[in-house]
2 protein chains.
Amino acid sequence: MSDRRTQILDAAATLISERGFTSTSVDDVIKGAKLSGKSHFYHYFKSKEELGYEVLNRQFERFAERGLAILREPMIDPLERLNLFIDAVVALQSESGGRRGSPFGNLAAELADAHEGFRVRIEAVFERWASQIRSLLWEARPQLHDDVDAVRLSRFIIAALEGAVLMTRVKRDLSVLEGIAADLKRFITMHVRDGVVMQSSRNLE
Amino acid sequence: MSDRRTQILDAAATLISERGFTSTSVDDVIKGAKLSGKSHFYHYFKSKEELGYEVLNRQFERFAERGLAILREPMIDPLERLNLFIDAVVALQSESGGRRGSPFGNLAAELADAHEGFRVRIEAVFERWASQIRSLLWEARPQLHDDVDAVRLSRFIIAALEGAVLMTRVKRDLSVLEGIAADLKRFITMHVRDGVVMQSSRNLE
DNA sequence: TCAAATTAGGACCGACTGGTCCTATGACAG
DNA sequence: CTGTCATAGGACCAGTCGGTCCTAATTTGA
C-alpha cells in the first residue's frame, strides 16, 4: 500500500474524528494530507464515501491492536485481562485529553440512521468487538456464575464504555470516564463466583 | 408562543433527530413546516444555530415531562421509581422502533468537539438529568450502602442508557436496549443494603 | 380605522459541496 | 526507449448551503 494512501487515510481519520464525516470536506482532507489537488485525491479513492469506509476499518484495526489485543493475552487471567482492557480504553481516551470520542460511536451517532452503508459497517465493528469479549468470558466461565449471559454482558460493557466516552467528551472531564470504568469493573465482579479471588491493576479504585 | 413557531420547532426536531443537525438544511425545515419561504423562517428564528438551541431545549423539556417526571413521583419507593424510569427510557425508544437515538446523545456525538455553544448546552442537559437522579438517590439513601457515590452512580446510569440507545440503533434491535436496561437494574440493586427488599415492574427479568 | 404582525413568494448572494476532466511533469520498471 | 503510474495544478460543473432583501397581500388587535 502506497505511502500517500495511508497519509490521506491518517489525515482523514484525524479530521473525521474532530468534526465528523459530513462536516469533513474532501478539500479539507486534501489540505490535511498536502495533496496537489482533487485529481490527486481521486487518484487514490473513488469517492468520499469509500474513504470513510476505509478510515473506519483502519480505526478498528488500530483499536484491535492497541486495545482488543489485551483481551487475548494468553499468560494473564481472563478477568484480569478484562480489567486491563478497560484501563486501556481509559488510557486511549486520555491521549486526546478526554476530547474526541470513540471513532465508532461518533460515526454511529452521526450516520446510523441516515446512511445504511455506514450503519452496516459500524454494526460489524461492534460485533467483532463484542465477540472478543464473549470469547474471553467463555474462557473465564469457570470463575463466573452459571447464569452469566455472555452476549448480554459483552453488550453491556461496550455500551457503558461508549456512553462513558461520550459523556466524558461533553463534560470535558476525564474523571467521568475513570469513574464509570471503575463502576464497570465492579459490575463485572458481580458476576464472579463467590470465593474466586480477582485482583486488578486498578480495580475498585 | 405562536403556533407557527412550535410547528417549525417540531418539524426541525424530527429532521434533526433523523439526520443530525448539520445534515438538516434550513430549506428542509421550511419544507417540513410548510412555510412559504426563507424569509418566513427567518421571521421566527435569527439563525439555524438558534433554532438548534431551541430544539434541544424542547427535547429536554419533553424528556423531563415524559421520562424524568417519574423520578419525582412522591407515592412510589425511590428505587422502584428508578426502575420505572429505566422502563420509560426503553418505552420511549420503542416508539421509534429502536431507530433514532437519544436527541442529546446524537447532538453530543455530532457537535461536542466542533461547536462549543452546543457542547455547553448539552452538558447542561446531562447535568440536569444527573441531578434528578442524584436527588432520588439521596432520598433513597437509607436503603443504600453507605459508600454509594451518588454523583458517580448517576453518571453511570446515564452513560449506560446513552450507550445502550446508541448500540440499539446501530443493531436495529430493541432487545439490546432491553438487555442492558435489565443489567443496569441489577447493577443498581448491587448498591442496595442487604435485607432491604426491592421489587420492580420488570426487573431482573 | 390604522398599524403592527404574519404570511406569501421570489430574486439573489458568496461560499462551499463532491466530483470530473484536461494538461503536463517526473520516476521507475519492462 | 517506452509505457505506466505518481505528482502537480487548474478549470469547471451543477447543486446546496445559510442568509439577506424586497414587495405585497392578509390577518389581527387596539
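Residues numbered from 1 in each chain as written. Chains lettered and ligands numbered in written order. Predicted model: local features only at pLDDT ≥ 70, side-chain atom pairs only at ≥ 80, totals over all residues. Heavy atoms only, no water.

Engineer: Give me the lowdown on the protein's contact with DNA strand D, citing residues and values where you can.
Structural biologist: Near DNA strand D you find 14 residues, and of these Ser39, His43 and Tyr44 of chain A together with Lys38 and Lys48 of chain B are the closest. Taking the atoms of DNA strand D that fall within 4 Å of the protein, sugar and phosphate contribute 59% of them. Taking Lys38 of chain B, its side chain carries an N or O atom lying 2.7 Å from a base nitrogen of DNA strand D. Between Lys48 of chain B and DNA strand D, the recorded distance is 2.8 Å, taken from a backbone N or O atom to a phosphate oxygen. Elements represented by at least two residues in the surface near DNA strand D include exactly helix H3 (38–44) of chain A together with helix H3 (38–44) of chain B. Top contributing element to the surface near DNA strand D by residue count: H3 of chain A, with 4 residues. (Near = heavy atom within 4 Å. Polar contact = N/O pair within 3.5 Å; in protein donor to acceptor, adjacent residues only side chain to side chain. Helix = DSSP H or I, 4+ residues; strand = E, 2+ residues; numbered from the N terminus.)

Engineer: Describe the nonpolar core, with residues and values.
Structural biologist: Grouped together as the largest cluster of nonpolar side chains are 134 residues, with contacts concentrated most on Trp129 of chain A together with Trp129 of chain B. Dropping the residues within four chain positions of it, Trp129 of chain B is found in contact with Phe60, Phe63, Leu68, Phe85, Phe104, Ile158, Leu161 and Glu162 of chain B. (Core = buried A, V, L, I, M, F, W, Y, C linked by side-chain atoms within 4.5 Å. Buried < 20%, exposed > 50% of the residue type's maximum accessible area, 1.4 Å probe, protein only. Contact = heavy atoms within 4.5 Å.)

Engineer: Explain the interface of chain A and chain B to me, and be specific about the residues and the numbers.
Structural biologist: Counting residues at the interface gives 47 residues for chain A, matched by 47 residues for chain B. Summing both sides of the interface, chain A and chain B together bury roughly 4,200 Å²; the carbon and sulfur share of this comes to 59%. It is Asp113, Arg152 and Val170 of chain A that lose the most area in chain A upon contact with chain B, and together they represent 17% of the buried surface on that side. For the pair chain A and chain B, the number of links is 8 salt bridges. (Buried area = accessible area lost by both parts, 1.4 Å probe. Salt bridge = Lys/Arg side-chain N within 4 Å of Asp/Glu carboxyl O.)

Engineer: So what's going on with the pattern of salt bridges? Which residues, and what values?
Structural biologist: Between side chains of opposite charge, a pair can form as their charged atoms come close. Residues and elements named next belong to chain A. Enumeration according to the criterion identifies 34 salt bridges over all chains in this entry. One salt bridge in this structure joins Arg134 and Glu127, with 3.0 Å as the shortest N-O distance. Owing to a relative accessible area of 31%, Glu127 belongs among the partly exposed residues under this scheme. The salt bridge involving Arg186 is made with Asp183; its shortest N-O contact spans 3.2 Å.

Engineer: Outline the protein's contact with DNA strand C, supporting the account with residue identities and numerical values.
Structural biologist: Looking at DNA strand C, there are 15 residues lining it, with Val26, Lys38 and Lys48 of chain A together with Ser39 and Tyr44 of chain B nearest. Sugar and phosphate atoms constitute 57% of the interface atoms of DNA strand C, taking the interface as everything within 4 Å of the protein. Ser25 of chain A places a side-chain nitrogen or oxygen 3.4 Å from a phosphate oxygen of DNA strand C. Residue His43 of chain B places a side-chain N or O atom 3.2 Å away from a phosphate oxygen belonging to DNA strand C. Broken down by secondary-structure element, the contributors of at least two residues to the surface near DNA strand C are helix H2 (26–32) and H3 of chain A together with H3 of chain B. At 4 residues, H3 of chain B tops the list of elements feeding residues into the surface near DNA strand C. Class assignment of the residues belonging to the surface near DNA strand C gives a composition of 3 nonpolar, 8 polar and 4 charged. (Nonpolar A, V, L, I, M, F, W, Y, C, P; charged D, E, K, R; others polar.)

Engineer: Account for the packing of aromatic side chains, naming residues and giving values.
Structural biologist: The geometry of two aromatic rings is summed up by the distance between their centres and the angle between their planes. Following the criterion strictly, the structure yields 26 aromatic pairs over all chains and no others. Measuring from ring centre to ring centre gives 6.3 Å for Phe85 of chain A and Trp129 of chain A, while their planes differ by 75°; the resulting arrangement is edge-to-face. Here Trp129 of chain A lies in helix H7 (residues 116–139) and Phe85 of chain A lies in helix H5 (residues 78–94), a separation of 44 residues in the sequence. On the accessibility criterion, Trp129 of chain A (3% relative accessible area) is buried. On the numbers, 5.0 Å between centres and 90° between planes, the contact of Phe41 of chain B with Tyr42 of chain B is edge-to-face. Judged by its relative accessible area of 40%, Tyr42 of chain B is partly exposed. Three or more aromatic residues link up through ring pairs in this structure, and these residues are Phe60, Phe63, Phe85, Phe104, Phe126 and Trp129 of chain A. One Lys or Arg, Lys48 of chain A, reaches over the ring of Phe21 of chain A and ends 4.5 Å from the middle of that ring. Positioned above the aromatic ring of Tyr53 of chain B, the side-chain terminus of Arg121 of chain B is 3.5 Å from the ring centre. (Phe/Tyr/Trp six-rings, centres within 6.5 Å; stacked < 30°, edge-to-face > 60°. Lys NZ or Arg CZ within 6 Å of the ring centre and 35° of its normal.)

Engineer: Quick rundown of the relation of the copies chain A and chain B? Include the residues and the values.
Structural biologist: The transform that puts chain A on chain B rotates by 180° and translates by 0.0 Å along the axis, for an RMSD of 0.0 Å. The symmetry that links the two subunits is that of a two-fold axis. Of all interface residues in chain A, 100% are interface residues in chain B too; the two copies therefore contact each other through one and the same surface. (Least-squares fit on C-alpha atoms with pLDDT ≥ 70 in both.)

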